[in-house]
Amino acid sequence: MNYLFMKDVFRAFGFEVTKNRNLRISLYQAICHLKMLGFKPNVIVDAGVASGTPAIYKNFPHTKTILVEPLIEYKEYIDRILLRYPDFIYLQQAISDKCGSIEFYLKDTLSGSSEYLANDETTAKRIAIDSITLEQIVEQYKITSPALLKLDIEGSEKKVLLANPDSVKRFDVIICEVTFIPKLNNAPSFSDINAILTDLDYCVFDIVDLRYYRKSHNLFQSDVVFIKNNSWLRLM
């Protein structure tokens, strides 16, 4: 349908439609932007894979990628990813501040399963899962710059970042799912994560995939892209 015709239709109802090619609203667009600027990681750590992060895999299909996902319930999705990207590495562990075993709350819906419980949570099943630290991953796979870290670990981001600051600094780009109004007890907010990464000399580069509470429509979560303060990406 003709763009100008659509503008006239919406204008008749009091809306103005404009084109904005610079607006990025999704993680896929954010990754495409990094790629367009010339960022090409040697290695990617995708912590908290769940059903997958295609925005990353599609842009960097040949990059050494380490998938970190503790729940066997997501194995079907992991198998599909590995079928398409057979060189990816799969660790069936949770990334945490300690290695060994940690207590985890498995939700019926799987989504949102975490080390933390929500105030109104009554049905989550408490289980023990194997864990690994970021430091172990960095050393085992000899991670060097340029590297990308994605953290979507349902409230455990703070403890991982604080436990392994030197390992964190190995990554040029960090993508974190952040929560603005946390529902999980003792889970960090965006302010907490931003303060930690600011202390580690990172800054916010992009904010995408904004999600809102259904009832109140208050801002709930988003994916935030952090880069180093001295990154050449800031100069483009």
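Residues numbered from 1 in each chain as written. Predicted model: local features only at pLDDT ≥ 70, side-chain atom pairs only at ≥ 80, totals over all residues. Heavy atoms only, no water.

Draft legend 1. Structural view of the packing of aromatic side chains. Across all of its chains, the model carries seven aromatic pairs by this definition. Taking the centre distance of 5.5 Å and the plane angle of 70° together, the rings of Tyr57 and Phe88 count as edge-to-face. Separated by 31 residues along the polypeptide, Tyr57 in helix 3 (residues 54-59) and Phe88 in the loop between helix 4 (75-84) and strand 3 (89-91) bring together distant segments of the chain. The same class applies to Tyr57 as to Phe88, namely buried. Of the aromatic side chains, those joined through ring pairs into one cluster are Tyr57, Tyr85 and Phe88. (Phe/Tyr/Trp six-rings, centres within 6.5 Å; stacked < 30°, edge-to-face > 60°. Helix = DSSP H or I, 4+ residues; strand = E, 2+ residues; numbered from the N terminus. Buried < 20%, exposed > 50% of the residue type's maximum accessible area, 1.4 Å probe, protein only.)

Draft legend 2. Examining the pairing of strand 9 (residues 202-212) more closely. Inspection of the sheet shows strand 9 paired to strand 10 (residues 219-228) by eight bridges, in the antiparallel sense. From the neighbouring strand, Asp206 faces strand 10, where its bridge partner is Val225. The hairpin turn running from strand 9 into strand 10, its antiparallel successor, is six residues long, and His217 in that turn takes a positive phi close to 65°. (Pairing = 2+ DSSP bridges.)

Draft legend 3. Layout of the side chain of Asp223. The topology assignment puts Asp223 in strand 10. Judged by relative accessible area, Asp223 falls into the buried class, the value being 10%. Among residues more than four places away in sequence, those in contact with Asp223 are Leu27, Cys176, Glu177, Asp206, Ile207, Val208, Asp209 and Arg211. (Contact = heavy atoms within 4.5 Å.)

Draft legend 4. Fine view of the nonpolar core. Of all hydrophobic cores here, the largest spans 32 residues; its most connected members are Ile66, Ile137, Ile143, Phe171, Leu197 and Phe226. Among the elements of the structure, strand 1 (43-47), strand 2 (64-68), helix 5 (134-140), strand 7 (147-151), helix 6 (157-163), strand 8 (173-179), helix 8 (190-199) and strand 10 are those that each provide at least two residues to this core. No other element matches helix 8, which puts four residues into this core. Contacts of Phe226, omitting those with residues within four sequence positions, involve Asp172, Val173, Ile174, Cys176, Phe190, Ile193, Asn194, Leu197, Tyr202, Cys203, Val204 and Phe205. Counting residues in each nonpolar core, the second largest holds 25 residues, with Leu27, Val49, Phe60 and Leu67 among its members. (Core = buried A, V, L, I, M, F, W, Y, C linked by side-chain atoms within 4.5 Å.)

Draft legend 5. Examining unusual backbone geometry more closely. The amide bond that connects Ser145 to the next residue, Pro146, takes the cis arrangement and shows omega of 0°. Tracing the backbone through its elements, the reader meets Pro146 in the loop between helix 5 and strand 7.

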